[in-house]
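Examining the three-dimensional arrangement
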Amino acid sequence: MSYGRELDIPFDVLELDKYTYLVPHGILIETELLVKAGVVKISLVHRNVTVAPLERDAAVASFDSHPLFPTDEFLATLGVKPIVTRFSSQLLQVLGITMETIFEFYSKSNQKLLEIDPSQLSISKGKLCIGESPSEQMDIVWTGSGFVVVPSSIKLVPPEEVVEEAVGSIIGSKFRCKYGMLDIIRR
């Protein structure tokens, strides 16, 4: 895992009544929950694939979704015959797959996830996202006694000095980057 805010995670592709959907790979899925929700036909199309956003020229308007599971994002599988898939948070809710479930499963193989609170995780563009992206450019600043992260727009006072541009994510009131968890100063 890098200090960035995104991790590639594998997905399984399910076909639910002729619509392809993504679910995190390796997490037990109880098909009975889908049948109770109203799905008639369930099949596994691909296992353990990674996905990426669709190309800009792909016409997502032409793809519809299962009436029970509105699509949050359309994604394309990589490494196999590319197919358009859907990601639906509603589907994960029906299956009982919460961020805590995803955290517990993936933290077993990635110990660095243990430094993260599950409430700071989300899935977007086929990746597990940690924290949130800063809304503006951030800098690492030496204060004379330690390092902090500040928005680039903040005027520094002596002896504060910009060390380098900060690349990472905001988790709670801290900034996670390759140097660890640094305090964020907002004046």
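In the block above lies the structure referred to throughout.
These numbers were taken from a predicted model, which means no experiment stands behind them.

Conventions used here
- All residue numbers refer to position in the chain's written sequence, counted from 1.
- Local features in this predicted model are restricted to residues of pLDDT 70 or higher, and side-chain atom pairs are both shown and tallied only at a pLDDT of 80 or more, whereas totals for entire chains, interfaces and linings draw on every residue.
- In computing side-chain values, all of the structure's heavy atoms are included and hydrogens and water are not.
- Between any two strands, at least two bridges found by DSSP are needed for them to pair.
- Only DSSP runs of H or I with at least four residues qualify as helices, and only runs of E with at least two residues qualify as strands; both kinds are numbered from the N terminus onward.
- Fitted lines through C-alpha atoms give the axes, limited to the stretch in contact for helices. The angle between two N-to-C directions lies from 0 to 180 degrees.
- The rule is simple: take the accessible area with a 1.4 Å probe, protein chains only, and divide by the maximum for that residue type; under 20% is buried, over 50% is exposed, in between is partly exposed.
- Contact definition: two residues touch when any of their heavy atoms are within 4.5 Å.
- It is the directions from the helix axis to the C-beta atoms that the arc portrays.
- Salt bridges are defined by distance alone: a side-chain nitrogen of Lys or Arg within 4 Å of a carboxyl oxygen of Asp or Glu.
- Nine residue types can take part in a nonpolar core, namely buried Ala, Val, Leu, Ile, Met, Phe, Trp, Tyr and Cys, and a core is a set of them joined through side-chain atoms within 4.5 Å.

Backbone-to-backbone hydrogen bonds join strands into a sheet, with any given pair of strands oriented parallel or antiparallel. Overall, antiparallel pairing links the 3 strands, which are arranged β12-β13-β14 in an open sheet. A single partner strand is all that each edge strand has here, and the edge strands are β12 (169-171) and β14 (180-183). Across this sheet, the average inter-strand angle for adjacent strands is 40°, counted without regard to direction. With 4 bridges connecting them, strand β13 (residues 174-177) and β14 associate as antiparallel partners. Among the inter-strand pairings, Cys 177 is bridged to a residue of β14, identified as Gly 180.

Looking now at unusual backbone geometry. In this structure, the amide linkage connecting Pro 158 to the following residue, Pro 159, adopts the cis form with an omega of 10°. Relative to the helices and strands, Pro 159 resides in the loop between β10 (147-151) and β11 (161-166). A positive phi angle is found at Asn 48, which is not glycine, with a value near 55°. By relative accessible area, Asn 48 is classed as partly exposed at 48%. A positive phi angle is found at Lys 125, which is not glycine, with a value near 55°. Along the chain, Lys 125 turns up in the loop between β7 (121-124) and β8 (127-130).

Let us now look at the environment of Phe 11. Structurally, Phe 11 is set in strand β2 (residues 11-16). Distance in space between the C-alpha atoms of Phe 11 and Asn 48 is 5.2 Å, their sequence separation being 37 residues. Residues contacting Phe 11, with those up to four places away along its chain left out, are Leu 22, Val 23, Pro 24, His 25, Arg 47, Asn 48, Val 49, Val 51, Phe 87, Ile 123 and Gly 126.

Burial in helix α3 (residues 99-107) covers these residues: Ile 102, Phe 103, Tyr 106 and Ser 107. One side of α3 holds all its buried residues, which, seen down the axis, span an arc of 115°. On its buried face, α3 sits against β3 (19-24), β7 and β8.

The next point concerns the environment of Glu 164. Take Glu 164: it is sitting in strand β11. Given the relative accessible area of 28%, Glu 164 is considered partly exposed. Distance in space between the C-alpha atoms of Glu 164 and Glu 6 is 21 Å, their sequence separation being 158 residues. Filtering out sequence-adjacent residues up to four positions away, Glu 164 remains in contact with Asp 139, Ile 140, Lys 178 and Tyr 179.

A few words on the pattern of salt bridges. Evaluated as defined, the whole model comprises 2 salt bridges. Its salt-bridge partner being Asp 8, residue Lys 127 comes within 2.3 Å of it at the nearest N-O pair. Placement of Lys 127 in strand β8 and of Asp 8 in strand β1 (residues 6-8) is noted, with a sequence separation of 119 residues between them. The residue Asp 183 makes a salt bridge to Lys 174 at a minimum N-O spacing of 2.6 Å. We classify Asp 183 as partly exposed; its relative accessible area is 39%.

So, about the nonpolar core. Of all hydrophobic cores here, the largest spans 33 residues; its most connected members are Leu 16, Leu 91, Leu 113, Ile 123 and Leu 128. Taken together, the elements giving at least two residues each to this core come down to β2, β3, β4 (42-53), α2 (89-95), α3, β7 and β8. In this structure, Leu 16 is in contact with Tyr 21, Leu 34, Val 39, Lys 41, Ile 42, His 66, Phe 69 and Leu 91, ignoring residues within four places of it in sequence. Core analysis: the second largest hydrophobic core is formed by 9 residues, Ile 140, Val 149, Ile 170 and Ile 184 among them.

To continue, consider the sheet that holds strand β9 (residues 138-142). Taken together, the 3 strands give an open sheet; going across it, the order is β10-β9-β11, and neighbouring strands pair in antiparallel fashion. The sheet is open, and its two edges are formed by β10 and β11, each paired on a single side. Strand-to-strand twist of the sheet, defined as the mean angle between neighbouring strand axes without regard to direction, takes the value 35°.

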